Amino acid sequence: AKDIADAVAAGVNAISTLGKAEIGDKTMLDAMFPFSNALTNAIANGDPIAIAWDKACNVATKAAEDTAPLRPKIGRARPLADRSVGTPDAGAISFSKAMVVIRDFLQQN
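The shown structure was predicted, so the numbers you read here are calculated from the model rather than taken from an experiment. Per chain, residues are indexed from 1 in the order of the written sequence. Two thresholds apply to this predicted model, a pLDDT of at least 70 for residue-level local features and 80 or more for giving and counting side-chain atom pairs, whereas whole-chain, interface and lining totals are computed over all residues. Each side-chain value is derived from all of the structure's non-hydrogen atoms; neither hydrogens nor water enter the calculation.

Here we take up the side chain of Ser36. Each helix is a run of H or I in the DSSP string that is no shorter than four residues. Each strand is a run of E no shorter than two, and both are numbered from the N terminus. For Ser36, the position within the fold is in helix 2 (residues 29–44). In this structure Ser36 touches Val8, Ala9 and Val12, once residues within four positions along its chain are discounted. Here, two residues are considered to be in contact whenever any of their heavy atoms come within 4.5 Å of each other.

Listed below in structure tokens is the structure:
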């Protein structure tokens, strides 16, 4: 489970580095970083992967929804500027939904 959490963290960090985005820029990273941190913490606390992934999904879903009041600073939504305020970031929402699909698979198997 720790290897999975480490791989997720490495992937999120690589995306952040390559895209030059960080939390608060209204990108998918606004859900990815909290997901990764929650997954790492849950596994460090001894949760099995299915439980840890579920906890991380809950965090990512809330974090994605919390992008609604943000103004995009980088990425594909940046040209929308103030028009995107009030709508959650599509990438963050998509990421959280993808993680829920994986969670459902883990829970069934």
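The rest of the description comes next.
The next thing to look at is the packing of aromatic side chains. For Phe, Tyr and Trp, where Trp contributes only its six-membered ring, two rings pair if their centres lie within 6.5 Å, and the inter-plane angle classes them as stacked under 30 degrees, edge-to-face over 60, or tilted in between. Applying the stated criterion across every chain yields a total of two aromatic pairs. With a centroid separation of 5.0 Å and an interplanar angle of 75°, the aromatic rings of Phe35 and Trp53 are classed as edge-to-face. Here Phe35, found in helix 2, pairs with Trp53, found in helix 3 (residues 49–65); they are 18 residues apart in sequence, far enough to count as distant. Under the scheme applied here, a residue whose accessible area is under 20% of the maximum for its type counts as buried, over 50% as exposed, and between as partly exposed, the area being computed with a 1.4 Å probe on protein chains only. For Phe35, a relative accessible area of 0% puts it in the buried group. Measuring from centroid to centroid gives 5.5 Å for Phe35 and Phe95, while their planes differ by 85°, and the two rings are edge-to-face. Placement of the pair is Phe35 in helix 2 and Phe95 in helix 4 (residues 90–108), with a sequence separation of 60 residues. Taken individually, Phe35 and Phe95 each receive the classification buried, so the pair is uniform in this respect. In textbook terms, an aromatic cluster arises when at least three aromatic residues are bridged by ring pairs, as seen for Phe35, Trp53 and Phe95.

A few words on the packing of helix 1 (residues 2–19) against helix 2. Two quantities define a packed helix pair, namely the angle between the axes and the distance from one axis to the other. In this analysis an axis means a line fitted to C-alpha atoms, helices contributing only their contacting stretch, and an angle means the value between N-to-C directions, from 0 to 180 degrees. In the contact formed by helix 1 and helix 2, the axes pass within 9 Å of each other and the chain directions differ by 155°. It follows that helix 1 is roughly antiparallel to helix 2 by the angle criterion. Crossing handedness for the pair helix 1 and helix 2: left-handed. Residues Lys2, Ala5, Val8, Ala9, Val12, Asn13, Ile15 and Ser16 of helix 1 lie in contact with helix 2, whose contacting residues are Leu29, Met32, Phe33, Phe35, Ser36, Leu39, Thr40 and Ile43. Considering only residue class, the contact of helix 1 with helix 2 consists of eleven nonpolar, four polar and one charged. For classification, angles of less than 35 degrees are called roughly parallel, those exceeding 145 degrees roughly antiparallel, those between 65 and 115 degrees roughly perpendicular, and all remaining angles oblique. Note: crossing handedness is left-handed where the near helix turns anticlockwise from the far helix by less than a right angle, and right-handed where it turns clockwise. Put simply, Ala, Val, Leu, Ile, Met, Phe, Trp, Tyr, Cys and Pro go in the nonpolar bin, Asp, Glu, Lys and Arg in the charged bin, and everything else, Gly too, in the polar bin.

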